[in-house]
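Structural features, examined
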Protein chains: 2
Amino acid sequence: MHFEITILGNGSATPTFQRHPSAQVLRVDDRVYLIDCGEGTQMQMGRYKVKSHRIMHIFISHLHGDHYLGLMGLLSSMHLQGRTTELHIYAHRELQSIIEYQMEVSHTRLRYPLVFHWHENIKGHSLFEDDHITVEPIPLEHRIPCVGFLFREKPRPVKLKPGVVEKYRIPYEAIESIKSGSDFTDSQGNVIASIDLTMPPSRQRSYAYCSDTLYNKAIEQKVRKVDVLYHETTFMHDLLERANETFHTTSLQAGMLANNAEIGKLLIGHFSARYSSATPLLEEARMHFPNAEVAEEGMTYAVE
Amino acid sequence: MHFEITILGNGSATPTFQRHPSAQVLRVDDRVYLIDCGEGTQMQMGRYKVKSHRIMHIFISHLHGDHYLGLMGLLSSMHLQGRTTELHIYAHRELQSIIEYQMEVSHTRLRYPLVFHWHENIKGHSLFEDDHITVEPIPLEHRIPCVGFLFREKPRPVKLKPGVVEKYRIPYEAIESIKSGSDFTDSQGNVIASIDLTMPPSRQRSYAYCSDTLYNKAIEQKVRKVDVLYHETTFMHDLLERANETFHTTSLQAGMLANNAEIGKLLIGHFSARYSSATPLLEEARMHFPNAEVAEEGMTYAVE
């Protein structure tokens, strides 16, 4: 089953024509979850073959333009393309007014139901859940309210070992019971233990998305041992003061956080427009955490 | 003096990744006027080397997303880039609420004054005037209120013929008076008529921008004899019914309008996403008006 991230945009607030603002999709099996939606996201989706009709849930971290300004255009296009399927948006509550007012002014009456879920109403550790994943909020610390997202795969099914159905002539109706732990008795009366017929389920994969935030120990706890962490590194550490003033993280800090949290892989992005090359930012992050990569626009990263 | 249009985007409501939504700039001398501002305009400005600090006036035809959704991002970027110069926006009044609410939610306090001029307050034939151009509204007929823009160059100055200053030893302080029509008396007492020393001013150039609209005879009157007319042609004429339903114009109609109005050159655009090639639309427009061209993204068209 797919569990992978595609980066649609990865620039910071001042876009350059080489870098688009924040947007990425998580693909789990045939589902596509959109995470942030900066200006131009729908064009980037076209460029990188992300089908908008597969998106049922959109997660917006905060209401700075570089993280949501592409949403209105995307919603309108979905409408023009004839969408009728319900769409859910997880965001701070002002986004609902922003969208609804613009729909009203443009005399647009969407053909599909648009359901808003306000971050302000989050209770406990769960933001969203379907049969594939759970999503938990990550408390971030930015100039305005900001939430990160931790996507965890749900327990995956036990599978039969290859060839056992043929070998022991297991009838179809016995399969679910074997997977649930029952032993199997064949036509000669031999009992074969469930454990000899099945493989343990694959490990549950996890992905954490931390957009704009100050470096923060609470994040470290929350993303502990995730497989892949995307973390913004707007500045290099020589601009720590600027990072603090603007509530951003440095590459060095992101590397430290990744190391302390014992994660699998770190993806960095959201670089200030002052950096024409990402290499120094990456080298800085790798000082503390070697398995770091730049989240490149258009690239897909499998979560293993 | 420059008087030229650069096309930043020219798609219709459903963007494709090859075509960006409506946005163009008119350059007159060193001034840049932005006309409509669809999603992604600021990235397109970067791509085609349009300097945002040269823009003092932005004209928005109507409040369908494909004509204004790039504005919020552009305004934010101007702020982040340190702009302090006043910026004027000409649009329907709801745009002010849309922008101001989003600024409030993102805790953005612009460093530069933003002045809104509501189309609802237009009196008579003038929308805007500076020392280079006048802008008149063109009444368009769309599903929501919509205004086109007619840019006319102001009378250009009389110039001295080349070489006359040296030939007649005209002192610097006499030049303005000669240009205003006074004759010149040289040091030997010879009188040289102003008309022999000067060239008539160049013709005043004009450009008309007609975004989304039904085909309409009133437009024909308004754009009479303009040098260049940009007109939307969302559909070909076999989809006339669809054009009427959605308040758009067909290529055939735009060609007829250009012919009847005796304009110089027709630029067409805003094609429905159903057309992968612009050639048939252009051929249809040329049936009535041969001097038609497709307004290509990234191309600059001099108004002669």
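These lines cover the structure that appears in this document, whether it is placed above or below. Computed from a prediction, not measured in an experiment: that's the story for all the values here.

Rules used in this analysis
Numbering of residues starts from 1 in each chain and follows the order in which that chain's sequence is written. Just so you know, chain letters begin at A and ligand numbers begin at 1, following the order they were written in. A pLDDT threshold of at least 70 governs which residues receive local features in this predicted model, and a stricter bar of 80 or more applies before side-chain atom pairs are shown or counted, although totals over entire chains, interfaces and linings include all residues. Hydrogens are left out, water is left out, and the side-chain values use all remaining heavy atoms of the structure. For the purposes of this section, nonpolar cores are sets of buried Ala, Val, Leu, Ile, Met, Phe, Trp, Tyr and Cys residues that join through side-chain atoms within 4.5 Å. Burial classes: relative accessible area under 20% of the type maximum marks a residue as buried, over 50% as exposed, and values in between as partly exposed (1.4 Å probe, protein chains only). The criterion used for residue contact is that any of the two residues' heavy atoms lie within 4.5 Å. Accessible-area loss on putting two parts together, using a 1.4 Å probe and summing over both, is the definition of buried area adopted here. Pairs of N or O atoms within 3.5 Å make up the polar contacts considered here, provided that, within protein, one atom can donate a hydrogen while the other can accept it, and that residues adjacent in sequence are counted only when both atoms are side-chain atoms. Under the DSSP-based scheme used, a helix requires at least four consecutive residues in state H or I and a strand at least two consecutive residues in state E, with every element numbered from the N terminus. Think of it as three bins: nonpolar holds Ala, Val, Leu, Ile, Met, Phe, Trp, Tyr, Cys and Pro, charged holds Asp, Glu, Lys and Arg, and polar takes everything else, Gly as well. Superposition of the copies was done by least squares, using only C-alpha atoms of residues whose pLDDT is at least 70 in both. Only four residue types enter the charge count, namely Lys and Arg as positive and Asp and Glu as negative; His and the chain termini do not. By definition here, a salt bridge exists when the distance from a side-chain nitrogen of Lys or Arg to a carboxyl oxygen of Asp or Glu is within 4 Å. Pairs of strands are assigned from DSSP output, requiring at least two bridges between the strands. Geometry is summarised by axes, namely lines fitted to C-alpha atoms with helices restricted to the contacting stretch, and by angles between N-to-C directions that run from 0 to 180 degrees. Ring pairs are drawn from Phe, Tyr and Trp, using the six-membered ring of Trp, whenever the two centres fall within 6.5 Å, and their geometry is named by plane angle: stacked under 30 degrees, edge-to-face over 60, tilted for the rest. Seen with its strands pointing away from the viewer, a crossover is right-handed if its path from the first strand over the helix to the second goes clockwise.

Quick word on the nonpolar core
Among the nonpolar cores identified, the biggest contains 60 residues, and Ile58(A), Leu75(A), Leu95(A), Ile58(B), Leu75(B) and Leu95(B) are the most heavily contacted of them. Dropping the residues within four chain positions of it, Leu75(B) is found in contact with Leu87(B), Ile89(B), Ile99(B), Met103(B), Leu110(B), Tyr112(B) and Leu114(B). Listed in part, the 29 residues of the second largest apolar core include Leu150(B), Ala208(B), Leu229(B) and Ile263(B).

Observations concerning the interface of chain B and chain A
The interface of chain B with chain A comprises 35 residues on the first partner and 35 residues on the second. A buried area of about 2900 Å², summed over both sides, lies between chain B and chain A, and 64% of it is on carbon and sulfur atoms. The interface formed by chain B and chain A holds eight residue pairs in polar contact (both at pLDDT 80 or more) in total. At the level of elements, α1 (41–47), α3 (71–80) and α4 (94–105) of chain B are the ones that each hand at least two residues to the side of chain B that touches chain A. A per-element tally of the side of chain B that touches chain A places α4(B) first, with six residues. A breakdown of the residues in the side of chain B that touches chain A according to their chemical character gives 14 nonpolar, 17 polar and four charged.

Re the relation of the copies chain B and chain A
Screw-axis analysis of chain B against chain A gives a translation of 0.1 Å along the axis, an RMSD of 0.1 Å, and a rotation angle of 180°. What we have between these two chains is a two-fold relation. Closest approach to the rotation axis among the C-alpha atoms of chain B is made by Gly40(B), whose C-alpha sits 2.7 Å away. Most of the interface of chain B is mirrored in chain A, where 100% of its interface residues are also at the interface.

A few points about unusual backbone geometry
If you check the backbone angles, Phe247(A) has positive phi at about 60° while not being a glycine. Relative to the helices and strands, Phe247(A) is located in the loop between α9 (240–245) and α10 (251–260). Among the residues examined, Phe247(A) registers a relative accessible area of 26% and is labelled partly exposed. Its identity is not glycine, yet Glu262(B) carries a phi of approximately 55°, on the positive side. Structurally, Glu262(B) is set in the loop between α10 (251–260) and β16 (265–269).

Some points on the side chain of Arg83(A)
All names here are of chain A. On the secondary structure map, Arg83 appears in the loop between α3 (71–80) and β5 (87–91). It turns out Arg83 is buried and unbridged, and the closest side chain with the opposite charge, Glu86, is 8.6 Å from it. Setting aside its immediate chain neighbours within four residues, Arg83 contacts Ser52, His53, Ile55, Met56, Met78, Arg111 and Tyr112.

Let's talk about the pattern of salt bridges
Residues and elements named next belong to chain A. Under the criterion given, the structure shown has 30 salt bridges over all chains. Among the ionic pairs, Lys217 bridges to Glu220, the shortest N-O distance being 3.2 Å. A residue pair is termed a helical-turn pair when its members lie 3 or 4 positions apart in one helix, as Lys217 and Glu220 do in helix α8 (residues 217–222) at three residues. Residue Glu220 is classed as buried on the basis of its relative accessible area, which comes to 5%. Across the pair Glu262 and Arg224 runs a salt bridge, and its minimum N-O distance is 2.4 Å. Note that Glu262 is positioned in the loop between α10 and β16 (265–269) and Arg224 in the loop between α8 and β15 (228–232), a separation of 38 residues in sequence. Given the relative accessible area of 44%, Glu262 is considered partly exposed. The exposure class of Arg224 is partly exposed, given its relative accessible area of 34%. Three or more residues joined by partner-sharing salt bridges are found here, namely Asp30, Arg31, Asp130 and Asp131.

Quick notes on the side chain of Asp130(A)
Residues and elements named next belong to chain A. With respect to the helices, strands and loops of the structure, Asp130 is situated in the loop between β7 (128–129) and β8 (133–139). Here Asp130 falls in the buried class, since its relative accessible area comes to 14%. A distance of 2.5 Å separates polar atoms of two side chains, one belonging to Asp130 and the other to Tyr33. Dropping the residues within four chain positions of it, Asp130 is found in contact with Arg31, Tyr33 and Lys154.

Quick notes on the sheet that holds strand β14 (residues 206–210) of chain B
Residue and element names in this part refer to chain B. Taken together, seven strands build an open sheet; the order of strands is β7-β8-β9-β14-β15-β16-β17 and the sheet is mixed. Looking at which strands have only one partner, the edges of the open sheet turn out to be β7 (128–129) and β17 (292–294). Strand direction decides the pairing type here: strand β9 (residues 147–153) and β14, joined by four bridges, are antiparallel. What sits directly across from Phe151, in β14, is Tyr207. Sheet strands in contact with helix α11 (residues 279–288) are β16 and β17, and its direction is about 165° off that of β17.

With respect to the pairing of β16(A)
Residues and elements named next belong to chain A. Counting buried positions along β16 gives five out of five residues, so the element sits mostly inside the fold. The side-chain alternation of β16 yields two buried faces, one formed by Lys265, Leu267 and Gly269 and the other by Leu266 and Ile268. Where β15 lies against β16, five bridges are found, and the strand directions are parallel. In the strand pairing of β16, Tyr230 is matched with Leu267. Of the pairings in the sheet, the one linking β16 to strand β17 (residues 292–294) comprises three bridges and is parallel in character. Within β17, the residue paired with Leu266 across the bridge is Ala292.

Comments concerning the packing of aromatic side chains
All names here are of chain A. As enumerated under the stated definition, the model contains 20 aromatic pairs over all chains in all. A centroid spacing of 5.5 Å and a plane angle of 65° characterise the contact between Tyr90 and Phe128, whose relative ring orientation is edge-to-face. With Tyr90 in strand β5 and Phe128 in strand β7, the pair connects residues that are 38 residues apart, well separated along the chain. The exposure class assigned to Tyr90 is buried, which follows from its relative accessible area of 4%. Aromatic rings pair up to connect Tyr33, Phe59, Tyr90, Phe128, Phe149, Phe151, Tyr207, Tyr209 and Tyr230 into one cluster.

Details of the pairing of β15(A)
Residue and element names in this part refer to chain A. For β15, the buried fraction is high: five of the five residues fall into the buried class. The alternating pattern of β15 places Val228, Tyr230 and Glu232 on one face and Leu229 and His231 on the opposite face, and all of these are buried. In the sheet, strand β14 (residues 206–210) pairs with β15 via four bridges, with the strands oriented parallel. Across the sheet, the residue bridging to Cys210 is His231, located in β15. In the classification by handedness, the crossover that spans β14, the intervening α8 and the parallel β15 is right-handed.

That's the geometry; what it means functionally is another story.
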